[in-house]
Amino acid sequence: APKHLKGGKVAPGMEVVFKVHFFPRAAQDYACELACITEREKFVISLAARGPRACFEFPDGVDFVLQPVRKQSQEAFLL
């Protein structure tokens, strides 16, 4: 948004775009709320950023081939 509109007023029917830049200080989840106030109402926009998550890719199936009934079996696969 233009510098002269930061925290200022916007005429009815007009729009203003504010870019939100996110610079995390740690690998965690972040959340905050942006309050927008008009002459008649106040509404809150929730902003959230998720930190890194573990990413696993599991195979669609694991083939144990033929195994005897009631016998323990195991199969290794790469994640």
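Since we're looking at a predicted model, the values are computed, not measured.

### Topic: the pattern of salt bridges
Where charged atoms from two side chains of opposite charge come close, those side chains can pair. Evaluated as defined, the whole model comprises 1 salt bridge. Note that Arg53 is salt-bridged to Asp29, the shortest N-O span being 2.8 Å. Here Arg53 is found in the segment after strand E2 (42-49), whereas its partner Asp29 is found in the segment before strand E1 (30-37), with 24 residues between them in sequence.

### Digging into a nonpolar patch on the surface
Taken together, the side chains of Phe56, Phe58, Val62, Phe64 and Phe77 make up a nonpolar region of the molecular surface, amounting to roughly 500 Å² of accessible area. With respect to the helices and strands, the residue Phe77 is situated in the segment after E2.

### Re the pairing of E1
For E1 and E2, the ladder comprises 8 bridges, and the chain directions are antiparallel. Looking at the pairing, Leu34 lines up with Ile45 of E2.

### Points about the packing of aromatic side chains
Overall, the coordinates contain 1 aromatic pair when judged by the stated rule. Taking 5.3 Å as the distance between ring centres and 70° as the angle between the ring planes, the aromatic pair formed by Phe22 and Tyr30 counts as edge-to-face. You can call Phe22 partly exposed: its relative accessible area is 44%. The exposure class assigned to Tyr30 is partly exposed, which follows from its relative accessible area of 24%.

### Quick notes on unusual backbone geometry
Phi angles above zero are rare outside glycine, and Arg70 is one such case at about 60°. Residue classification places Arg70 among the exposed positions, given a relative accessible area of 83%.

Calculation rules
- Residues numbered from 1 in each chain as written.
- Predicted model: local features only at pLDDT ≥ 70, side-chain atom pairs only at ≥ 80, totals over all residues.
- Heavy atoms only, no water.
- Salt bridge = Lys/Arg side-chain N within 4 Å of Asp/Glu carboxyl O.
- Helix = DSSP H or I, 4+ residues; strand = E, 2+ residues; numbered from the N terminus.
- Patch = residues over 30% accessible without salt bridge, like charges linked within 9 Å, V, L, I, M, F, W, Y side chains within 5 Å.
- Areas by Shrake-Rupley, 256 points an atom, 1.4 Å probe, with all protein chains shown as cover.
- Pairing = 2+ DSSP bridges.
- Phe/Tyr/Trp six-rings, centres within 6.5 Å; stacked < 30°, edge-to-face > 60°.
- Buried < 20%, exposed > 50% of the residue type's maximum accessible area, 1.4 Å probe, protein only.

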